[in-house]
Amino acid sequence: MEDKVGLLKELQELDFELSQIAGSSGKLEDELDQCRVERDRIQALVDDLADEMSQIDGQRKELKQSVLHEETIIARSEGRLPDIKTQKEYVAVLKEIDTAKATMRELTTKLEEFDGQYNALAEDRDGKEEELSGLQSEFDERSASINKDLADLAATKKKKDATRDKLLEKLPRAIANRYRALSRRRGGMAVVEARQGTCTGCNMNLPPQLFNILLQSNEIQSCPHCSRLLYADEGQI
Ligand SMILES: [Zn+2]
């Protein structure tokens, strides 16, 4: 029969290491999430800019169509001029041409405005795309390294879990169950040292008699205040 207190101390140490592994894994996962969130934020900005550009581009196409339409009107009217017989009709056609030319100037000015907006957006988008590409490389690099670390941690955890199972098997079932329940209830700290008459789990004084028993025997004792399992290292007065 192995020393139960020794097994419990080993188990507690192992659980402490396992909780550190869980903490490290959690931090790495959070870091990866943050990189992802930042990358997605910039990606969304790029997408919004692209949407806006495509809207403006649609309006530009409509304007270009209208310009073409006015050009057709002008060409058609100008073609009619040599065949016109009356001055009245001549004046009317000239007026038609003037109106079409004025409309065309307006349309062209608007088109230039849209071109300006489009180019400004394109510049903005190019800048964001560059930033995005930097973030993506950073993310790829960081996620490769983090995933490797996470895999290492998972492998270590697997080994420690197996050792933990073996340790729990070596303990009498009642004690193993008590350990599990205490560990859950007491934030993963089920086995603590009794030092100088005090439980280091809850910092309460232990009855002197209990402390003496702990120093003299290797039997498992519980703290009367927090129920944690106690051990006392040798060499204490
Ligand atoms: Zn205690």
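Note that the structure is a prediction, hence the values are computed from the model and not measured.

*Asks:* Looking at this model, I keep getting lost on the packing of helix H1 (residues 4-80) against helix H2 (residues 87-170). Mind explaining?
*Replies:* Geometrically, a packed helix pair is captured by the angle between its two axes and the distance between the axes. Packing of H1 against H2 leaves a shortest axis separation of 5 Å and a crossing angle of 165°. Judged by the inter-axis angle, H1 sits roughly antiparallel to H2. As for how H1 packs across H2, the hand of that crossing is left-handed. Broken down by class, the residue content of the contact of H1 with H2 amounts to 37 nonpolar, 13 polar and 28 charged.

*Asks:* Where do I start with unusual backbone geometry in this structure?
*Replies:* Across the chain, the bulk of peptide bonds are trans and the bulk of non-glycine residues have phi less than zero. Even without being glycine, Gln 196 reaches a positive phi, approximately 45°. By the C-beta count within 10 Å, which is 11 here, Gln 196 ends up exposed. In this structure, Ser 227 is a non-glycine residue whose phi angle is positive, near 70°. On the secondary structure map, Ser 227 appears in the loop between strand S3 (221-222) and strand S4 (229-231).

*Asks:* So what exactly am I meant to see when it comes to H1 here?
*Replies:* Think of an α-helix as turning once every 3.6 residues; residues three or four places apart then point the same way. Over its 77 residues, H1 runs 112 Å from end to end, which matches the ideal 114 Å to within 8%, given 1.5 Å per residue. Here the buried face of H1 lies against H2, helix H3 (173-185), strand S1 (191-195) and S4.

*Asks:* Looking at this model, I keep getting lost on H2. Mind explaining?
*Replies:* Under the 1.5 Å per step criterion, the end-to-end length of H2 is 117 Å for 84 residues, consistent within 8% with the ideal 124 Å. Residues of H2 that are buried include every one of Ala 100, Leu 121, Leu 132 and Leu 167, and no others.

*Asks:* Hey, could you run me through the nonpolar core in this one?
*Replies:* Soluble, globular proteins show a tendency: their nonpolar side chains are buried together. Counting 14 residues, the largest nonpolar core has Leu 8, Tyr 179, Ala 194, Leu 214, Leu 229 and Leu 230 as its most contacted members. If you list the elements that add at least two residues to this core, you get H1, S1, helix H4 (208-216) and S4. Among the domains, domain 1 (4-170) and domain 2 (176-231) are the pair contributing at least three residues each to this core. Not counting residues within four places of it along the chain, the set of residues in contact with Ala 194 comprises Cys 199, Leu 206, Phe 211, Leu 214, Leu 230, Tyr 231 and Ala 232.

*Asks:* Mind showing me how you'd approach the domain arrangement of the chain here?
*Replies:* Frequently, the measure chosen for interface size is the accessible area that the parts lose on association. Split by domain assignment, the chain resolves into domain 1 (4-170) and domain 2 (176-231). On a C-alpha basis, the centres of domain 1 and domain 2 stand 58 Å from each other. Facing nine residues of domain 1, the contacting portion of domain 2 comprises 10 residues. No other element matches H1, which puts eight residues into the side of domain 1 that touches domain 2.

*Asks:* Would you mind going over the sheet that holds S3 with me for this structure?
*Replies:* By definition, the strands of a sheet pair up through backbone hydrogen bonds, in either a parallel or an antiparallel sense. Taken together, the four strands give an open sheet; going across it, the order is S2-S1-S4-S3, and neighbouring strands pair in mixed fashion. Either end of the sheet is taken by a strand with one partner, and the two such strands are strand S2 (198-199) and S3. The pairing of S3 with S4 spans two bridges and is classified as antiparallel. When the sheet's bridge partners are listed, Gln 221 is paired in S4 with Leu 230.

*Asks:* It is not clear to me how the environment of Ile 74 should be interpreted in this structure. Could you clarify?
*Replies:* With respect to the secondary-structure elements, Ile 74 resides in helix H1. On the basis of neighbour counts, which here come to 18 C-beta atoms within 10 Å, the residue Ile 74 falls in the partly exposed class. C-alpha of Ile 74 to C-alpha of Glu 96: the two residues are 22 residues apart in sequence and 7.9 Å apart in space. With residues up to four places along the chain from it excluded, the contact list for Ile 74 reads Ile 97, Ala 100 and Lys 101.

*Asks:* I'm lost on the environment of Asp 57 in this one. Help?
*Replies:* Its place among the elements puts Asp 57 in helix H1. Each C-alpha atom, one on Asp 57 and one on Lys 170, is 74 Å from the other, the two residues being 113 residues apart in sequence.

*Asks:* In this structure, what is going on with the environment of Arg 60? I would like to understand it.
*Replies:* Note that Arg 60 resides in helix H1. Sequence-distant contacts of Arg 60, defined by excluding residues within four places in its chain, comprise Leu 111, Phe 114 and Tyr 118.

Rules used throughout
- Residues numbered from 1 in each chain as written.
- Predicted model: local features only at pLDDT ≥ 70, side-chain atom pairs only at ≥ 80, totals over all residues.
- Axes fitted to C-alpha atoms, helices over the stretch in contact; angles between N-to-C directions.
- Helix = DSSP H or I, 4+ residues; strand = E, 2+ residues; numbered from the N terminus.
- Parallel < 35°, antiparallel > 145°, perpendicular 65-115°, else oblique.
- Left-handed = near helix turned anticlockwise from the far one by under 90°.
- Nonpolar A, V, L, I, M, F, W, Y, C, P; charged D, E, K, R; others polar.
- Buried ≥ 20, exposed ≤ 12 C-beta atoms within 10 Å, placed from the backbone.
- Expected span 1.5 Å × (residues − 1).
- Contact = placed C-beta atoms within 7 Å.
- Core = buried A, V, L, I, M, F, W, Y, C linked by C-beta atoms within 7 Å.
- Domains from an automatic or database assignment.
- Pairing = 2+ DSSP bridges.

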